[in-house]
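# Structural description and commentary
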Amino acid sequence: MRGRHQPWSRERRVVSPTRRQPQSPSSRRLVAGIACLAGLSVSAVVWFRPSPQGGGGAPCPHSRVETKRVGVRDINGRSVFEGVPCEEAVVDAGLCFRNEELYCLPSFIIGGAQKAATGWLRQWLATHPELSQGGEHEVHYFDKLEDSRASDWSSRYLPFFRTASTRHYSFEKTPDYLPNATALAAIRGLLPSVKLVFLLRAPAARAYSAFQHHCRRLRIGAIPASRRSARLRAATTHEAVVFSLEATRAQWARCETLRPPCSPEAFESFLATYDNASTRIVDWGLYALHLANVRSIFPDDQIFVAIGEVALARASAFFEDVVAWLGIRRFDFATLPTYRDALGRQQLRQPGIFGFFDMWYMRLNVAMVHKHAARPMLARTKTRLGAFYKPHNLKLDALLLYQAPAISVFPPRSTIDDGRKRSLLPPSWGGGTTPSS
Ligand SMILES: Nc1ncnc2c1ncn2[C@@H]1O[C@H](COP(=O)(O)OS(=O)(=O)O)[C@@H](OP(=O)(O)O)[C@H]1O
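Here the structure is a predicted model, which is why all the values come from computation and not from measurement. (Residues numbered from 1 in each chain as written. Predicted model: local features only at pLDDT ≥ 70, side-chain atom pairs only at ≥ 80, totals over all residues. Heavy atoms only, no water.)

## Digging into the sheet that holds strand β2 (residues 96-99)
Pairing between the strands of a sheet comes from backbone hydrogen bonds, and it takes one of two forms, parallel or antiparallel. Within the open sheet, the 3 strands sit side by side as β1-β2-β3. Their pairing is mixed. Only two strands of the sheet have a single partner each, and these edge strands are β1 (80-82) and β3 (101-104). In this sheet, adjacent strand axes meet at a mean angle of 25° when their direction is disregarded. (Pairing = 2+ DSSP bridges. Helix = DSSP H or I, 4+ residues; strand = E, 2+ residues; numbered from the N terminus. Axes fitted to C-alpha atoms, helices over the stretch in contact; angles between N-to-C directions.)

Take a look at the structure:
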């Protein structure tokens, strides 16, 4: 897209030839005056937002913008606006803008949870002929804002969503949105009718996966005993293991960066170093809390929550449900060419790789997986984390089963109703059976 703050170009409007015109010049002037005043006040109320503080964008030319709240269901009724939108324009999910290229704001967002196979979900949904993924992997726009005003969306967010046609519905994935109330409020402010999909994974497994993720990015370090502060010495009998994004500068300066993959013992020391609630590696698994936040910002019928382990095991049924909920055409994901990788995970085949290259790619995949695979979490760490998460999981189960019927869930509530032990959560979550009240 070229410059910012360009005025809207004129929208083509069809004016009905049967519309009656006022007869005398004075009545025509009177009607025109009233219409002008009405137009100005409607525009002021509907199309203007207060200018962001300090953001000196050009004011929106008001009269030609005709935004309409559209979600993914309004398949053929989408408005396309010509030109570059000004930052103050009131927009919504699914709106399109044409300025040499076509850009459509996302109709839905995969907002989490981090390390719950959101990449798998993104890749598979991107193969749907009506969907167009924005950003290469993750967009990270709303979680990087300073406050909940997405004031530079047209220059920093919209460009991710170049789209081939208005028949394609854009989406993005950024798993960091789920635990971030500011990001969620900013999404709601910019895209009020956007739909949100959350894939959740057993929180202990998620935490270990997140720990390894940050370890691979060289963000986990150990402070040798000789360099530990008195507070850290008191906090842990193990070697203190800290996380650069949360450690103080002074702590990190005393650290030796751990080489990936980090050991399960290092994970245990990490948990001993931090209070559970003071590290995002642990508290990003407090899904009941985060979903309560989401629900205070978005209506339930815009939210889809899937239990990742069940979704992965019953992928066809899961995608069928997601696609039906989005309101787009059915698509048989089971026909996609897939393979099992070295860890037994079902993966999409890379398009255009055949024969020798295919074999070479598979070998490389196996080698890479073995090189980077971490040892499994220690049983005692799993037990400890399981006990910490259990009350939160029970709350999540109760929320999804009984308290928020308008939230769509996978597995569907109807399929797990065996009368006695009702729970959406599989045994790998460490037991989440809810009392049926
Ligand atoms: N097809 C399939 N089957 C089973 N498991 C799968 C699959 N695809 C991804 N995964 C696992 O999901 C973890 C990565 O999650 P995300 O894609 O959400 O990661 S990220 O937040 O985008 O970084 C990561 O978990 P860990 O291996 O435990 O780290 C992946 O192995």
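So, next bit.
## A few points about the UniProt feature "binding site: 3'-phosphoadenylyl sulfate" (unreviewed entry) in the protein
As annotated by UniProt and renumbered to match this structure, "binding site: 3'-phosphoadenylyl sulfate" (unreviewed entry) occupies Arg201 and Ser209. Within the element layout of this structure, Ser209 appears in helix α5 (residues 203-216). Judged by relative accessible area, Ser209 falls into the buried class, the value being 17%. Discounting chain neighbours no more than four positions away, the residues touching Ser209 are Lys115 and Arg201. (UniProt positions renumbered as here; feature names shortened; annotations may be inferred. Buried < 20%, exposed > 50% of the residue type's maximum accessible area, 1.4 Å probe, protein only. Contact = heavy atoms within 4.5 Å.)

## Some thoughts on the UniProt feature "active site" (unreviewed entry) in the protein
Here the UniProt-annotated "active site" (unreviewed entry) positions come out as Lys115. Along the chain, Lys115 turns up in the loop between β4 (108-112) and α2 (118-126). The contact partners of Lys115, leaving out residues within four places of it in the chain, are Arg201, Arg206, Ser209, Ala210, His213 and Arg216.

## Let's talk about the nonpolar core
Counting 81 residues, the largest nonpolar core has Phe142, Tyr157 and Phe318 as its most contacted members. Ranked by the residues each element gives to this core, the list is headed by helix α12 (residues 315-326), at 7 residues. Aside from chain neighbours lying at most four places away, what touches Tyr157 is Leu105, Pro106, Ile109, Val139, Tyr141, Phe142, Asp152, Glu172, Leu190 and Leu191. (Core = buried A, V, L, I, M, F, W, Y, C linked by side-chain atoms within 4.5 Å.)

## Some points on α12
If you check α12, its first and last C-alpha atoms are 16 Å apart, about what 12 residues at 1.5 Å a residue would give, namely 16 Å. Of all the positions in α12, only Ala315, Phe318, Phe319, Val322, Val323, Trp325 and Leu326 are classed as buried. Taken down its axis, α12 places every buried residue within 160° of arc, on the same side. Elements in contact with the buried residues of α12: β4, α2, β7 (195-200), β11 (303-307), α11 (308-313) and β14 (408-410). Two residues or fewer past α12, Gly327 is found with a positive phi of approximately 85°. (Expected span 1.5 Å × (residues − 1). Arc of directions from axis to C-beta.)

## Here we look at the state of the cysteines
Taken as a whole and judged by the stated rule, the model has 2 disulfides. The disulfide that involves Cys96 links it to Cys104, with 2.1 Å between the sulfurs. Across the disulfide from Cys96 to Cys104, rotation about the S-S bond amounts to roughly 105°, and the bridge is consequently right-handed. A relative accessible area of 0% means that Cys104 is categorised as buried. (Disulfide = S-S within 2.5 Å.)

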